[in-house]
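Residue-level structure breakdown
As a plain string of letters, each chain reads:
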Amino acid sequence: MKHMESILETFFLIFLFKKISSLNNGLGRTPQMGWNTWNKFGCNINEELIIETIDTFNKSGLIEAGYRYINLDDCWQKERDNITRKIKPDPIAFPNGIKYLADYAHSKGLLLGLYSDAGNFTCAGRPGSLGYEKEDAEIYKEWGIDYLKYDNCYNNNIPSKDRYPKMRDELNKTGHPIFYSICQWGEEEIPKWGKDVGNSWRTTGDISDAWNSMLKIIDQNDQWYNYSGPGGWNDPDMLEVGNGGMSLIEYKTHFGLWSITKAPLIIGCDITTMTEDIKKILTNSEVIAINQDPLAEQGRKIKKTFLPLPDDYEPVLYESELEITNCSGIVEQKWYINSDGSIQNNNESLCMEIPNCVDYDTKIKTSWCHLRDKSYCSESKNQQWIYNSTTKQIKSQMDTKKCLDVYKQIGPSVQTFDCDENIQSQKWEYNEIDHTLKTNEKCLSSLESQEITEVWKSNLKDGAYAVLLVNRASFKANVEITWNEIGFNNKKAKIRDLWEKKDLGEFEDKYSINLEKHDSQFLKVWPIEDDNDNLIMIVGIVAGSAVVISVILVLAFYLKMKKGKVKDKNDVIDNINEDKLIESRKTEQSI
């Protein structure tokens, strides 16, 4: 008996430890939907912007589409109180404090989120939360905060597994549910352990508002499709839809890829000025329904086809992040250092720049040259550089204390970093003959468009399949998918175009379409049972006993439910936790 008691006690302690050391806030049963300040505004945020955004949510259809969170990214905080250790908001940008904004958001049926960092400082140099997890979790509860994006800068090289659980534990102790979004850049294989710690976790570095950057991000995210599900989601970073760096067609493809892969849908543009076309993308109910499908299966790439190149083909360059790669003489590795300070890629209209003129270390990208337009941030000095042929350093004219450096000295990404003549990764050899920029025998390179087509697929709860056909090529191409490749053997299938919200009819064995460059088509595919097979089955069942007839009734009910005519109770509670959270916040406000 004592032995049995000891065993039970051990099991209880294991259960208790697991309960304490895991996230248990009931949130994120489907991927989170909301808005964040960073991609559009960077550090230029204030109370007026947040109030205006909340008001726009209420009249733009975003709430009806499912978006709930209004998230302040970096730069809302100013300093810590020397006595209480509590974090304090910027008094100029947020004169009424953060609780005022949380209360206002709750009164409008929305939720408010904040940003911090699992390091000494945030990425923009504001106070971080490392060592202050308890104080910050308690102040978030006091203010009524609903969401925390937790970054990874200035982390003292402490392993993520030692830093991120500390904030989780302090959030749990408050008894105040807060969505915990880990922004750890996909390091240390976080998808394998993230679900015990956060509601979502970044699987990649930062996204840029550029076609190739977006594709690179979603490709990196694809490898982790088995680790995503209710309560914990793979996060390939926030949406760039509407920020101006891609075409409308490319934004549609961007949103489709995030939707089918069950990525968080966090808007990153200025919704107060978004066009009707952008709004139409962000609020498409049938596409969003795929993202929020209760089966919660992350879509994945199931087919990739390399296309034959046209006779007159020339490589096409797009805005993209820069990397160091093996030198191969390709056009993506040719650079021209000009007298005006610009560094152009292959003498095209793309220039090396510091994105958004940020004043902290960040990854470098190519963007359309705009030196003559002084209305850009820092009067376009973010695209001007100084190459020192003696030290081999490339300094930014926006901040001459910052130099072009290889990320963490190993790459492959390239970033700005404090200039140091002793760091080898800041030494760039410029060859005026082949126009390469080399460091450690590797060449600085932009990314070329991949001339391929792809098919992505996700199983849905109602028995259908979500299928996204994508043309990544720089020319028009045909994209085809067979039923066998999707995963069923039926002869026929019914297809609906989700972007157009239109039934396309019945198709046999396969489906194909010619798509313009970078375009996509989002489909919902239902296998159709063969009529003869159904007839044989019915005759056999009718000839059976009363027990078999009962089975028929059950089967009919099941088929009816699969077709969506009977709602399963789980269909009604997709976002019940977030909705209940809003109601509870309103109640707290009124007490």
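Structure: see above.
Residues numbered from 1 in each chain as written. Predicted model: local features only at pLDDT ≥ 70, side-chain atom pairs only at ≥ 80, totals over all residues. Heavy atoms only, no water.

**A closer look at the packing of aromatic side chains**
- All told, the structure shown has 14 aromatic pairs when counted by the stated rule.
- Aromatic pair Tyr147 and Phe179: ring centres 5.0 Å apart, planes at 5°, arrangement stacked. With Tyr147 in strand E6 (residues 147-151) and Phe179 in strand E7 (residues 179-182), the pair connects residues that are 32 residues apart, well separated along the chain.
- Taken together through their ring pairs, the aromatic side chains of Tyr69, Tyr147 and Phe179 make up a single cluster.
- A cation sits over an aromatic face here: Lys494 above Trp526, 4.6 Å from the ring centre. (Phe/Tyr/Trp six-rings, centres within 6.5 Å; stacked < 30°, edge-to-face > 60°. Helix = DSSP H or I, 4+ residues; strand = E, 2+ residues; numbered from the N terminus. Lys NZ or Arg CZ within 6 Å of the ring centre and 35° of its normal.)

**Topic: the environment of Arg68**
- Tracing the chain through its elements places Arg68 in the loop between helix H4 (62-65) and strand E2 (69-71).
- In sequence terms Arg68 and Gly109 are 41 residues apart; their C-alpha atoms lie 7.8 Å from each other.
- Apart from the residues lying within four places of it in its own chain, the contact partners of Arg68 are Met33, Gly34, Ile63, Gly109, Leu110, Leu111, Asp579 and Ile582. (Contact = heavy atoms within 4.5 Å.)

**Considerations on the nonpolar core**
- Among the nonpolar cores identified, the biggest contains 83 residues, and Tyr67, Trp76, Leu112, Tyr180, Phe255, Trp258 and Leu282 are the most heavily contacted of them.
- In contact with Tyr67, other than residues within four places in its own chain, are Met33, Gly34, Phe57, Leu62, Leu110, Phe255, Leu265, Ile267, Leu282 and Ile288.
- Listed in part, the 30 residues of the second largest apolar core include Tyr147, Ile266, Leu322 and Ile343. (Core = buried A, V, L, I, M, F, W, Y, C linked by side-chain atoms within 4.5 Å. Buried < 20%, exposed > 50% of the residue type's maximum accessible area, 1.4 Å probe, protein only.)

**What to know about helix H7 (residues 160-174)**
- The first and last C-alpha atoms of H7 sit 22 Å apart over 15 residues, in line with the 21 Å expected at 1.5 Å per residue.
- On its buried face, H7 sits against helix H6 (133-143), E6 and E7. (Expected span 1.5 Å × (residues − 1).)

**Things to note about the pairing of strand E29 (residues 502-508)**
- Here six bridges tie strand E28 (residues 492-497) to E29, and the two strands are oriented antiparallel to one another. In the strand pairing of E29, Ile495 is matched with Gly505.
- A loop of four residues connects E28 with E29, the two strands running antiparallel in sequence, and Lys501 in this loop sits at a positive phi of about 55°. (Pairing = 2+ DSSP bridges.)

**Quick notes on the sheet that holds E2**
- Spatial strand order, E9-E8-E7-E6-E5-E2-E1-E10: eight strands in an open sheet with parallel pairing. Strands at the two margins of the open sheet, each flanked by one partner only, are strand E9 (233-235) and strand E10 (265-267). For this sheet, the mean inter-axis angle between neighbouring strands, taken without regard to orientation, is 25°. (Axes fitted to C-alpha atoms, helices over the stretch in contact; angles between N-to-C directions.)

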